[in-house]
There are 2 protein chains.
Amino acid sequence: MDAEEFRKRGKEMVDYIADYLSSIDKRRPLADVEPGYIKELVRNEAPVEPDSWEDLMKDIEPIIMKGTTHWHSPHFHAYFPTGNSFPGILGDMLSDAIGCIGFSWASGPSCTELEVVVMNWLGKMLSLPPEFLFSPNGHGGGVIQSTASEVTLTCLLGARTKFIRQIKGDNPNMEDGVIMSKLVCYCSDQAHSSVEKAGLVGAVKLRILESDAKGSFRGATLETAIKTDKANGLVPFFVCATLGTTGCCAFDNIKELGPICEREGIWLHIDAAYAGSSFICPEFRPLLDGVEFAMSFNFNPHKWLQVNFDCSALWVKDSRLLAEAFVVDPLYLKHENEGAMPDYRHWHIPLGRRFRSLKLWFVLRLFGQRKLQQSIVKDVNLAKEFEKLVRADTRFEVTSEVKMALVCFKLKGTNEKNEKLLKLINDDGRIHIVPSTMKGTYYLRFAICASTTTIDHVIFAWNVIQELANKV
Amino acid sequence: MDAEEFRKRGKEMVDYIADYLSSIDKRRPLADVEPGYIKELVRNEAPVEPDSWEDLMKDIEPIIMKGTTHWHSPHFHAYFPTGNSFPGILGDMLSDAIGCIGFSWASGPSCTELEVVVMNWLGKMLSLPPEFLFSPNGHGGGVIQSTASEVTLTCLLGARTKFIRQIKGDNPNMEDGVIMSKLVCYCSDQAHSSVEKAGLVGAVKLRILESDAKGSFRGATLETAIKTDKANGLVPFFVCATLGTTGCCAFDNIKELGPICEREGIWLHIDAAYAGSSFICPEFRPLLDGVEFAMSFNFNPHKWLQVNFDCSALWVKDSRLLAEAFVVDPLYLKHENEGAMPDYRHWHIPLGRRFRSLKLWFVLRLFGQRKLQQSIVKDVNLAKEFEKLVRADTRFEVTSEVKMALVCFKLKGTNEKNEKLLKLINDDGRIHIVPSTMKGTYYLRFAICASTTTIDHVIFAWNVIQELANKV
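Residues numbered from 1 in each chain as written. Chains lettered and ligands numbered in written order. Predicted model: local features only at pLDDT ≥ 70, side-chain atom pairs only at ≥ 80, totals over all residues. Heavy atoms only, no water.

Summing up its helical and strand segments, chain A has 15 helices and 11 strands in all. Principal axes of the C-alpha set define a box for chain A whose edges measure 65 × 65 × 45 Å. In chain A, the share of contacts with a sequence separation of at least 24, taken over all contacts with a separation of at least 6, comes to 73%. Summed over all atoms, the accessible surface of chain A reaches about 16200 Å², with 52% contributed by carbon and sulfur. For chain A, the distance from the average site of its 54 positive side-chain charges to the average site of its 59 negative ones is 4 Å. (Helix = DSSP H or I, 4+ residues; strand = E, 2+ residues; numbered from the N terminus. Contact = heavy atoms within 4.5 Å. Areas by Shrake-Rupley, 256 points an atom, 1.4 Å probe, with all protein chains shown as cover. Lys, Arg positive; Asp, Glu negative; His and termini not counted. Charge placed at Lys NZ, Arg CZ, Asp CG, Glu CD.)

We now examine the packing of helix α13 (residues 357–391) of chain B against helix α15 (residues 455–469) of chain B. Residue and element names in this part refer to chain B. Their axes nearest at 10 Å, the elements α13 and α15 cross at an angle of 30°. One finds that α13 runs roughly parallel with respect to α15. With respect to the hand of their crossing, α13 and α15 are arranged in right-handed fashion. Here Leu382, Glu385, Phe386, Leu389 and Val390 of α13 lie close against α15, whose contacting residues are Ile455, Val458, Ile459, Trp462 and Ile465. Of the residues that constitute the contact of α13 with α15, the class distribution is nine nonpolar, no polar and one charged. (Axes fitted to C-alpha atoms, helices over the stretch in contact; angles between N-to-C directions. Parallel < 35°, antiparallel > 145°, perpendicular 65-115°, else oblique. Left-handed = near helix turned anticlockwise from the far one by under 90°. Nonpolar A, V, L, I, M, F, W, Y, C, P; charged D, E, K, R; others polar.)

What follows concerns the interface of chain A and chain B. Taken together, the 126 residues of chain A in the interface contact 126 residues of chain B. Interface area for chain A against chain B, summed over the two sides, is near 11200 Å², with a carbon-plus-sulfur share of 67%. Considering only the surface of chain A that becomes buried against chain B, Phe6, Lys197 and Arg365 of chain A emerge as the three largest contributors, covering 7% of it. Where chain A packs against chain B, one counts 66 residue pairs in polar contact (both at pLDDT 80 or more). Considering every element that reaches the side of chain A that touches chain B, the biggest residue donor is helix α1 (residues 3–22) of chain A, with 16 residues. Residues belonging to the side of chain A that touches chain B are distributed by class as follows: 70 nonpolar, 26 polar and 30 charged. (Buried area = accessible area lost by both parts, 1.4 Å probe. Polar contact = N/O pair within 3.5 Å; in protein donor to acceptor, adjacent residues only side chain to side chain.)

To continue, consider the sheet that holds strand β1 (residues 141–145) of chain A. All names here are of chain A. One open sheet accounts for seven strands, arranged β1-β7-β6-β5-β4-β2-β3; its pairing is mixed. Edge strands, defined here as strands with exactly one partner in the open sheet, are β1 and β3 (205–209). Neighbouring strand axes in the sheet, compared pairwise and without regard to direction, differ in orientation by 20° on average. Both strand β6 (residues 296–299) and strand β7 (residues 312–316) contribute to a ladder of four bridges, which runs antiparallel. Considered in β7, the bridge of Ser296 is made with Val316. Running at roughly 80° to β7, helix α4 (residues 109–125) makes contact with β1, β6 and β7 of the sheet. (Pairing = 2+ DSSP bridges.)

One frequently used descriptor of interface size is the decrease in accessible area upon assembly of the parts. Parsing chain A into structural domains produces domain 1 (3–70), domain 2 (100–354) and domain 3 (374–469). Measuring from the centre of the C-alpha atoms in domain 1 of chain A to the corresponding centre in domain 2 of chain A gives 38 Å. (Domains from an automatic or database assignment.)

Residues and elements named next belong to chain B. Following both chains from N to C, one finds helix α1 (residues 3–22) and helix α2 (residues 53–64) inclined at 15°, their axes separated by 13 Å at the closest point. In terms of orientation, α1 and α2 fall into the roughly parallel class. Both α1 and α2 take part in a crossing whose hand is right-handed. On α2, the residues touching Glu5, Arg9, Glu12, Met13 and Tyr16 of α1 are Trp53, Glu54, Met57, Ile60 and Glu61. Of the residues assigned to the contact of α1 with α2, the class counts are five nonpolar, no polar and five charged.

Before going further, it helps to examine the relation of the copies chain A and chain B. Two chain copies, one operation linking them: a rotation about an axis together with a shift along it. With an RMSD of 0.0 Å, the fit of chain A onto chain B corresponds to turning through 180° and sliding 0.0 Å along the axis. The operation mapping one copy onto its partner corresponds to a two-fold rotation axis. Looking at the rotation axis and the C-alpha trace of chain A, the residue lying nearest is Gly177 of chain A, at 2.1 Å. When the interface residues of chain A are mapped onto chain B, 100% of them again lie at the interface, so the same face is used by both copies. (Least-squares fit on C-alpha atoms with pLDDT ≥ 70 in both.)

Inspection of the entire model under this criterion finds 46 aromatic pairs over all chains. Geometrically, the ring pair formed by Phe86 of chain A and Phe6 of chain B is stacked, given 4.5 Å between the ring centres and 20° between the ring planes. A residue pair is termed interchain when its members come from two chains, as with Phe86 of chain A in helix α3 (residues 86–98) and Phe6 of chain B in helix α1. Among the aromatic residues, ring-to-ring pairing joins Phe386, Phe396, Phe409, Phe446 and Trp462 of chain A into one connected group. Above the face of the Phe326 of chain B ring, Lys197 of chain A is positioned so that its terminal group lies 5.3 Å from the ring centre. We note Arg445 of chain A situated over the ring of Phe80 of chain A; from NZ or CZ to the ring centre the distance is 4.8 Å. (Phe/Tyr/Trp six-rings, centres within 6.5 Å; stacked < 30°, edge-to-face > 60°. Lys NZ or Arg CZ within 6 Å of the ring centre and 35° of its normal.)

Here the focus is α2 of chain B. Along its 12 residues, α2 of chain B runs 15 Å from first to last C-alpha, staying within 8% of the 16 Å computed at 1.5 Å per residue. The set of residues buried in α2 of chain B consists of Trp53, Leu56, Asp59, Ile60, Ile63 and Ile64 of chain B. Within α2 of chain B, the buried residues cover an arc of 125° as seen down the axis, which keeps them to one side. Against the buried residues of α2 of chain B lie α3, α4 and α13 (357–392) of chain A together with α1 of chain B. (Expected span 1.5 Å × (residues − 1). Buried < 20%, exposed > 50% of the residue type's maximum accessible area, 1.4 Å probe, protein only. Arc of directions from axis to C-beta.)

Turning next to the UniProt feature "modified residue: N6-(pyridoxal phosphate)lysine" (unreviewed entry) in chain A. Residues and elements named next belong to chain A. Per the UniProt record, "modified residue: N6-(pyridoxal phosphate)lysine" (unreviewed entry) is annotated on Lys303. Structurally, the position occupied by Lys303 is in helix α10 (residues 301–304). Aside from chain neighbours lying at most four places away, what touches Lys303 is Phe80, Pro81, Thr82, Gly83, Ala273 and Tyr274. (UniProt positions renumbered as here; feature names shortened; annotations may be inferred.)

Written as structure tokens, this is what we have:
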């Protein structure tokens, strides 16, 4: 395909995308296929001679779309939102065309420097403490990673290296593995499974502590666990607190956890993957109070800030602590970086990296801060409208406080009743939601996902749920 | 931006991309900016009200392109190629539009199933042993990850878990950390820095063993190291062999390393990030002989197979061993997966994942196998032409055998002379190359990178190098 054919096919693809996204509400949000459906539809081997563009495009609907779960349908209310916007797509198109691999400053100066710029922009939008931002004399700054899972692991590894070095200072002959067998990190039972994955990869002990009745990780719980572990000769080194848990969007109490971590010298990491986007709104920013105690803070603009996946934003107060986890001789690094731009390859596990800041830059400039704020507020208000509908039907109850754009609810009564309702809803196929459990109670999660969701979609969804509840 | 405006702006962007890529040879391949250049060109904060599309596009040339290193210029001969093609861009546009997060089969059936299909297609193109492919009764299969760095780490973690479990079987009370302090992995001094990173993250001992005069990791070297380590009570568990090293594209001798790993029960991982694409050509496939001894094999279609970053292809003989590294209770997994499709979230560190198989599918279908083979052969032939030019000039020498599309060469004489030549070349700016060193000798690397590179570009580059060599 030469440039002239690309002009033609690219424009056809733009139209296909515009058509797809503007009529997505007509599609069944959850794919209606069985595992293995694709096998009968494709060849067993790649073609030797090229297929035509027409042949390929003819396959998109019956092969790809047939098995696609449409995350950007306004009838999709499962999981949490994943960002998607026309500005984001356009920025990513440019990123693909440039196709630089910005592992060092020289390999893509604009790739590194635009990331520095937009991460400071975004940090200011969140009113992060200035230590988290790039500044001429500081060591803080932000980086775009792929997922919150990788970010949690990266920060845990930074903390692990810091503690291994500290302990080796006093015990130079102790093996790293032996030190690691004493390290303990903490999260609550509402934390994302990626914390457990990070603990496994990092090969450190993880205490999954009990959250309070609202699903919040509290200071007293952490305090007790630390005391017990220290009494047993273990070394508490890392706490992962969540603002906006996956299950019910609970907020850990970082104003309680923070001072404890500070006193004990523990690395506090805050994962606000979903809820973080809301902190650009003055009315929600108080939920982030306490971030000043953290060593690292993360949220995913690719969730609720209209940026296409992948764009997970991490800020750290001291980026040298990340680099030390990944390079054998950090002294060399300190010299190389002095006064210059960050070498982002030392801030995470991958070496290669895409020009991801472009899509964020496109989104921030083409929406502007105010419209992004309005979009968040709109979604939260829609969730509150849904909450009202649930509360007005005495068969149902709301199981958690609605702070963001997620409503957790259930039919009064047994788990079995609610499992049955969920199955009816997803088999019906007009809307898609997923369940969760907390402290043994099974409930349904209704999230406002697509940015195009309106009150009509919310009412539509509620009517579907009510109708199917009649059958339970 | 609504769908109608996206139709307009998307088509403008398609034209911008077509213009950019079809006139890229007019641009200086290496950006001519100083660190921090962007600061004077951008605002300190994100705009509150939206910028117009025109304002944004007006900034692309003076802010973004000014500082871009143009990896797809036919005058770019640095590092290794990174894939880029119009079919790849088109597939990625569709992926962005669908924007599903395929962490489980249900969250994106087409996302999971197309990946299964194209990874089998690609595995067959490489004539991988059938144990590496998905089959109804086997445990093998392929997965797309982001980078070879992540893949190496993932496989090292799989091997680590396997060995910890084995050793715990005999010593149930031994701490994981204590076991890990006995585990040793091996690579050569020509292996990529990501192996060292994986060793640090995995917190295991890494032996970086001496390669032979050609930069190849040999069996006898590994044999000796294993013997010494075992005599000291350590446990060899993982070998990372490279086919096509970054420095000089050397090939480790997997036919020697493989049987040793098999005998010792060591997990052999093969990293063919760059050279792997060539194995789709019958004339280069013999270089992969010995892969049957490996537990895992990786190459990057996003390097030399015209697929846009990120698309790193990993095949394993037993995917259960990856999952066991990442989940606390693999028994649960075994049940869930039985007979169904893979749950790719358990094959790697990230939970979220893009629909990356689309761009690979577009590339495989719109090029077809034969054209992809021809493109590889063309690049290797161009490198051989460059080699001839170097050999015809008695001031120069070729420092490594030219097997792929990389020529390593130097001016006869001191490292200093060659450092000076490199600086002259990159300051001059008509072409871009990077250096490397092996066993104390500094040399220049000339890689065929852009798929549009022709013999004229090669001759042009050689003329530039000869002209500047006159000044040394």
